[in-house]
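Secondary and tertiary structure notes
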Amino acid sequence: RVCGVVGATRGGPEERIPARCVVGADGRFSLVAREAGAGVTEEETRCVSTVYFAEWEGVAPFAPGPPAGHVHTTGRGLDVLFFEMPDGRTSINTHARADRVDLRGDAQAYYVDTLRGQPEIAPRLTGAKQVTGVRGVKRVGNGYRTPSGPGWALVGDAAHYKDPVDGQGIYDALVGARLLDAALARALSGEAPWDVAMEGYRRALLDATRDMYRETVGRLRRELYQEPPRVVARTLIRWMMTDPTYQSRFMRYLGREISPRDWAGPSLVAGAVLRGLWRDLRGA
């Protein structure tokens, strides 16, 4: 069983720290998971994205009004996301289907060329300045690892990792930490055997995250890997994405106020399309 950690501060002597449990809260590339031999139990490997981002100054706003996030979607395997930062900067993110990302060894060139290659985005960058280096992840994984074993446990992205498209990583990490805390309390107090308590943690983590995980994977498949005809994107999809009722329910599902399962039912979609058609007819 795992019985502690061995390590050292930079340049300092080696330390051996014993522990009844070593928790890996060290992200999707978890060292604890690798050293403990935590296997992948479920993973989506086909419809995956590659993400790059940097912060900018002087980005022109999308529209007048208070600062707001903005998602530009091409319907052709690329989304560009704008997030207003507290210091007046803007974080600009490229979110693309991984099989179409050709870095040619230069992530910075790929990132800038992608942004300036979008006619609706390039004008917003006129006079803007990139003020941080580009960072990112290639082929962002989506899946679950075995979350515990003799003397060790995983939490957050170390246990359950997913694409950032839905912005659920911190929420899932906090929920997982709460569930692991309860399981460790049972095991370390002697209330339940270790295996029983950790199996309860595994089941509870799946119950709390599985529906959102499936919706995230489904969104990647629909929004990055399916390419609707342009006439559909400019009518049906536009009508849905600009419909206040649809937007409200979308934000409620992202905020976990409602279940991610079947959040966009037929009646919601049909209503959004009919209202969008009526708006266009009135405008004409």
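Residues numbered from 1 in each chain as written. Predicted model: local features only at pLDDT ≥ 70, side-chain atom pairs only at ≥ 80, totals over all residues. Heavy atoms only, no water.

1. Thoughts on the packing of aromatic side chains
- Across all of its chains, the model carries seven aromatic pairs by this definition.
- Measuring from centroid to centroid gives 4.6 Å for Y253 and W263, while their planes differ by 15°, and the two rings are stacked. Placement of the pair is Y253 in helix 6 (residues 244-254) and W263 in the loop between helix 6 and helix 7 (266-283), with a sequence separation of ten residues.
- Take W263: its relative accessible area is 5%, and that puts it in the buried class.
- Put simply, the rings of Y246, F250, Y253 and W263 pair up and form one aromatic cluster.
- A cation over an aromatic ring shows up here: R124 above the ring of F82, its NZ or CZ 4.1 Å from the ring centre. (Phe/Tyr/Trp six-rings, centres within 6.5 Å; stacked < 30°, edge-to-face > 60°. Helix = DSSP H or I, 4+ residues; strand = E, 2+ residues; numbered from the N terminus. Buried < 20%, exposed > 50% of the residue type's maximum accessible area, 1.4 Å probe, protein only. Lys NZ or Arg CZ within 6 Å of the ring centre and 35° of its normal.)

2. Thoughts on the sheet that holds strand 4 (residues 40-44)
- Across the sheet, three strands lie side by side as 4-11-14; this open sheet has antiparallel pairing. One side of each edge strand has no neighbouring strand; the edge strands of this open sheet are strand 4 and strand 14 (160-161).
- The pairing of strand 11 (residues 142-145) with strand 14 spans two bridges and is classified as antiparallel. Each bridged residue has a counterpart across the sheet, and for G143 the counterpart in strand 14 is Y161. (Pairing = 2+ DSSP bridges.)

3. Points about unusual backbone geometry
- Backbone geometry at R139 places phi at a positive 50°, although glycine is not the residue there.
- Tracing the chain through its elements places R139 in the loop between strand 10 (135-137) and strand 11.
- Notably, D262 is not glycine yet its phi reads approximately 55°, a positive angle.
- With respect to the helices and strands, D262 occurs in the loop between helix 6 and helix 7.

4. Observations concerning the pattern of salt bridges
- What the rule picks out here adds up to 23 salt bridges.
- One salt bridge in this structure joins K162 and D172, with 3.7 Å as the shortest N-O distance. Taken together, the positions of K162 in the loop between strand 14 and helix 3 (169-189) and D172 in helix 3 put the pair ten residues apart, joining distant regions of the chain.
- In this structure K162 comes out as buried when scored by relative accessible area, which is 8%.
- Of the charged contacts in the structure, one is a salt bridge between E199 and R203, with a shortest N-O distance of 3.4 Å. Placement of both E199 and R203 in helix 4 (residues 194-223) is noted, with a separation of four residues, approximately one turn of the helix. (Salt bridge = Lys/Arg side-chain N within 4 Å of Asp/Glu carboxyl O.)

5. Re the sheet that holds strand 12 (residues 148-149)
- Spatially, 3-13-12 is the arrangement adopted by the three strands of the open sheet, whose pairing is mixed. Unpaired on one side and paired on the other, strand 3 (22-24) and strand 12 mark the two borders of the sheet.
- Two elements, strand 3 and strand 13 (residues 152-154), share three bridges in a ladder whose sense is parallel. Pairing of G24 across the sheet is with L154, part of strand 13.

6. Brief notes about the packing of helix 6 against helix 7
- Relative to each other, helix 6 and helix 7 sit at 145°, their axes nearing to 8 Å. Here P244, T245, Y246 and R249 of helix 6 lie close against helix 7, whose contacting residues are L268, A272, R275 and R279.
- Looking at the contact of helix 6 with helix 7 residue by residue, the class counts come to four nonpolar, one polar and three charged. (Axes fitted to C-alpha atoms, helices over the stretch in contact; angles between N-to-C directions. Contact = heavy atoms within 4.5 Å. Nonpolar A, V, L, I, M, F, W, Y, C, P; charged D, E, K, R; others polar.)

7. Overview of a nonpolar patch on the surface
- Together, L277, W278 and L281 make up a nonpolar patch on the protein surface, roughly 330 Å² of accessible area in all.
- Along the chain, L277 turns up in helix 7.
- The class for L277 is partly exposed, based on a relative accessible area of 36%. (Patch = residues over 30% accessible without salt bridge, like charges linked within 9 Å, V, L, I, M, F, W, Y side chains within 5 Å. Areas by Shrake-Rupley, 256 points an atom, 1.4 Å probe, with all protein chains shown as cover.)

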